[in-house]
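Here is what each chain is made of, one letter per residue.
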Amino acid sequence: MMLLPLIPLAWSAARSPAVATPSWTAARSPPVASPARRHGAAAAMVATPISSSDIPAAALFLEKPSTVPWEVHKFGGASLATAELYKQCADLLVAESRRPLADGAASAAPTMAIVSARGGVTDKLIAVVETSKSDLPKAVQLLEAVAAEQVAVAREISSPDAAAAVERAINADVRSISATLQAFAMLKSVPTQALEVVSGYGEVWSALTMEAYLSSEGHASTWLDARDVLVVQTTGEAGLGDKGSTNTMGTDPLWEPSEAKLASWWAADARTQLRELDLAAAAPVVIVTGFVAATADGVPTTLKRSGSDYSATIFAKLMSASRITMWKNVDGVYTADPR
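Calculation rules
- Residues numbered from 1 in each chain as written.
- Predicted model: local features only at pLDDT ≥ 70, side-chain atom pairs only at ≥ 80, totals over all residues.
- Heavy atoms only, no water.
- Axes fitted to C-alpha atoms, helices over the stretch in contact; angles between N-to-C directions.
- Helix = DSSP H or I, 4+ residues; strand = E, 2+ residues; numbered from the N terminus.
- Parallel < 35°, antiparallel > 145°, perpendicular 65-115°, else oblique.
- Contact = heavy atoms within 4.5 Å.
- Nonpolar A, V, L, I, M, F, W, Y, C, P; charged D, E, K, R; others polar.
- Buried < 20%, exposed > 50% of the residue type's maximum accessible area, 1.4 Å probe, protein only.
- Expected span 1.5 Å × (residues − 1).
- Arc of directions from axis to C-beta.
- Core = buried A, V, L, I, M, F, W, Y, C linked by side-chain atoms within 4.5 Å.
- Salt bridge = Lys/Arg side-chain N within 4 Å of Asp/Glu carboxyl O.
- pLDDT = per-residue confidence, 0-100.
- Pairing = 2+ DSSP bridges.

Draft legend 1. Representation of the packing of helix α5 (residues 192-199) against helix α6 (residues 201-216). Where α5 meets α6, the closest approach of the two axes is 5 Å, and the angle between their N-to-C directions is 15 degrees. In terms of orientation, α5 and α6 fall into the roughly parallel class. Each of Val197, Val198 and Ser199 in α5 lies in contact with α6, whose residues at this interface are Tyr201, Gly202 and Glu203. Across the contact of α5 with α6, the residue classes tally to three nonpolar, two polar and one charged.

Draft legend 2. Broad picture of unusual backbone geometry. Although it is not a glycine, Lys188 sits at a positive phi angle of roughly 60 degrees. Residue placement: Lys188 occurs in the loop between α4 (160-187) and α5. Overall, the relative accessible area of 56% leaves Lys188 in the exposed class.

Draft legend 3. Structural detail: helix α7 (residues 255-267). Over its 13 residues, α7 runs 18 Å from end to end, which matches the ideal 18 Å to within 8%, given 1.5 Å per residue. Along α7, the residues classified as buried are Ser258, Glu259, Leu262, Ala263, Trp265 and Trp266. Seen along its axis, α7 keeps its buried residues to an arc of 160 degrees; they face one direction. Opposite the buried face of α7, by more than 90 degrees, sit the exposed residues Glu256 and Ser264. The elements touched by buried residues of α7 are β4 (221-224), α8 (272-275), β7 (285-289) and α9 (308-318).

Draft legend 4. Quick peek at the nonpolar core. Judged by nonpolar contacts, the single largest core of 30 residues is most densely connected at Met112, Leu224, Leu230, Val286, Val288 and Phe315. With near-sequence residues (within four places) excluded, Val286 lies in contact with Trp70, Thr111, Met112, Ala113, Thr222, Leu224, Trp265 and Trp266. Membership of the second largest hydrophobic core comes to 28 residues, among which are Ala139, Leu143, Ala194 and Ala212.

Draft legend 5. Expanded view of the pattern of salt bridges. As enumerated under the stated definition, the model contains nine salt bridges in all. A salt bridge links Lys124 to Glu149; its shortest N-O distance comes to 3.0 Å. Taken as a pair, Lys124 in helix α2 (residues 121-132) and Glu149 in helix α3 (residues 136-157) lie far apart in primary sequence, 25 residues in all. On the basis of relative accessibility, which here comes to 34%, the residue Lys124 falls in the partly exposed class.

Draft legend 6. Geometry of the side chain of Asp173. Along the polypeptide, Asp173 turns up in helix α4. Beyond its immediate sequence surroundings of up to four residues, Asp173 is in contact with Tyr201, Val204 and Trp205.

Draft legend 7. Spatial organisation of the confidence of the model for the protein. With 74% of its residues at a pLDDT of at least 70, the protein reaches an overall mean of 80. Counted against residues more than four places away or in other chains, residues 7-66, with its pLDDT under 50, gives 150 contacts.

Draft legend 8. Highlighting the pairing of strand β2 (residues 71-75). β2 sits mainly inside the fold: five of its five residues count as buried. By the alternation rule, side chains of β2 split into Glu71, His73 and Phe75 and Val72 and Lys74, which are all buried. Relative to strand β3 (residues 111-115), β2 runs parallel, the two being bridged by five bridges. Its bridge partner being in β3, Val72 is matched across the sheet by Met112. As paired strands, β2 and strand β10 (residues 323-330) are joined by five bridges and run parallel to one another. Looking across to β10, one finds that Phe75 is bridged to Trp327.

Given below as structure tokens:
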């Protein structure tokens, strides 16, 4: 198996509506005017150059004189199916962030990764919910099994302390979900909104797991629950939609509240160390939950099945990213037309 960039997208912030962008200066690096990066032949992509002058004034809330634009990556469930794949994807993120800039500037690129649930987890969580209507003990058993599988991955790739933190968080989620399942069992039905809430936990656990590995390896990293910052409104039909569908119509991001929440999250004291990193040495890596969001009232919701690609493009715009890369796990690449 190998990971390849499937869909390279790039744009200049000058062509996008203004949004607030977390940014800072590499203290010992020259100002970066072009973040286009070098890639091998397999990647075959070049980002559209973006200069600090392209970034909206609202983005410079840290009041520093120049910026290094973010880069955004997205990994789907198939790319995160095993512990080894979590490590491979996380290591790839670090390597991408450290690639030399095209203009030779000695600066790393702040990097954000949107992650889906580990392969198969969303389907399993949906099965847990459906089972609860007729067999609550079995539903709880299925839920605990899914959670245990995720914890096992964290234990395999993370330090004992980091894995223990992931386990505590997941166990707390399991208790919350189990209480919700009891209501489904009593009602013999599942409200659409409740199904969306439960099905989104796979992304949360996935982000926790990847960040646990990164922190265990000593990388400057954190994770972000998109439900805390991404505000959307639903104008179409309620529900998760169909697996594999590319139809995300009817779920629209609310840009102003989302950018305000994101800026507030980044400016919090907990992120001080990341903000003050010397980009001449290393860049921060932020792992973000795909698929999930919240309404203006704070109610958890989703961007519908297979919505993590949509999440990635939304966050790329919010970050005024110079590039977004969708990674695909494939068995190999043909060197000639197989026909």
